[in-house]
Amino acid sequence: MTTLGLALGGGGARGLAHIGVLRVLETDGVRPGVIAGTSMGGLIGAFFAAGLSADAIENIASHVSWRSLLELRPGSGLLRGSAFEAMLAQHLPRTFEELSIPLIVTATDVLTGRLVYLYKGDLLSALRATSAYPGAVDPVHREGRLLADGGILNQVPVDAALFLGAAKVIAVDVTTPAPLDMPARRRFLLWRRAGEERPRSDASSGLSPIRALTRALDIMQAQLTDTRLSLYKPDLLLRPSLEGIELMSFRRVDTAIKAGEHEAFAHRDDLIALAGMPRRAPAMLPQEEGDA
């Protein structure tokens, strides 16, 4: 039987869209044979590989206290590694080998600059590593390496799914940044045309330094992702529409999940065909049932 792989990309809160994709797969009985994940995609993939349903994963994502995981202490990453692992340990086994579905996650060795696949041994430290976003989470020491976020090099790990034995791969990319509105820049142009002096408090770009940096990283990751996807082409690529959902928009769980549901549902026939299942009758999304 052909092994179906599922590659879930990174993207912070945007990665919560993966839950919606998983819900559609569950509804149609499509079960991947292997799961590959990066960053948030690795976390969501681990929960699913451990046997949790999409509803159970949504419940975790909706109720986890991200504030309790943050530690604004100079000289350390923002995310407290011990608290993060403790949260994961409530829902996951300690090792990859105990998962119901084989899982592989990516990380970046910041000492050598090389991509690393993690698929054996300690699961929780691997999930910390794949999620170690630079500047927010401290890199993880593991097996002589210093590991950080897999998305630095491999945001949508189709190649990792192939490495683990997948013959066909469904990939979910939540990287692509939506165009930004630039109201401050437009106001500046209007003031200049009117011959008025621009207020000093209004930045000419309309972006704070941190926002400009994260925007630059988004753009670079999107370009790198497109390049890697051209080299390792998935059999089906899903790209949910996540306009307005940023890296840390964890309060928009419902919106992100619905975006994933809609994208997966729009490709429902393709998903079923890739799984080698008979074509199903048309259906409606759960939130649309009963609409007039």
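Residues numbered from 1 in each chain as written. Predicted model: local features only at pLDDT ≥ 70, side-chain atom pairs only at ≥ 80, totals over all residues. Heavy atoms only, no water.

The name given to the chain in an unreviewed UniProt entry is NTE family protein, with the source organism recorded as Deinococcus yavapaiensis KR-236.

A. Structural context of the pairing of strand S2 (residues 34-37). By the alternation rule, side chains of S2 split into Val34 and Ala36 and Ile35 and Gly37, which are all buried. As paired strands, strand S1 (residues 4-8) and S2 are joined by four bridges and run parallel to one another. In the sheet register, Gly5 faces S2, and the bridge partner there is Val34. Read from S1 through helix H1 (residues 17-27) to S2, the crossover connection turns out right-handed. Relative to strand S3 (residues 103-109), S2 runs parallel, the two sharing three bridges. When the bridges of S3 are listed, Gly37 appears paired with Val105. (Buried < 20%, exposed > 50% of the residue type's maximum accessible area, 1.4 Å probe, protein only. Helix = DSSP H or I, 4+ residues; strand = E, 2+ residues; numbered from the N terminus. Pairing = 2+ DSSP bridges. Right-handed = clockwise from strand over helix to strand, strands pointing away.)

B. Main features of the packing of H1 against helix H10 (residues 253-266). Closest axis-to-axis distance for the H1/H10 pair is 6 Å, and the angle between their directions is 45 degrees. By the angle between their directions, the pair H1 and H10 is classed as oblique. Note on packing geometry: the crossing formed by H1 with H10 is right-handed. For the pair H1 and H10, contact is made by Ala17, Ile19, Gly20, Val21, Arg23 and Val24 and by Ala256, Ile257, Gly260, Glu261, Ala264 and Phe265, respectively. Counted by class, the contact of H1 with H10 contains eight nonpolar, two polar and two charged residues. (Axes fitted to C-alpha atoms, helices over the stretch in contact; angles between N-to-C directions. Parallel < 35°, antiparallel > 145°, perpendicular 65-115°, else oblique. Left-handed = near helix turned anticlockwise from the far one by under 90°. Contact = heavy atoms within 4.5 Å. Nonpolar A, V, L, I, M, F, W, Y, C, P; charged D, E, K, R; others polar.)

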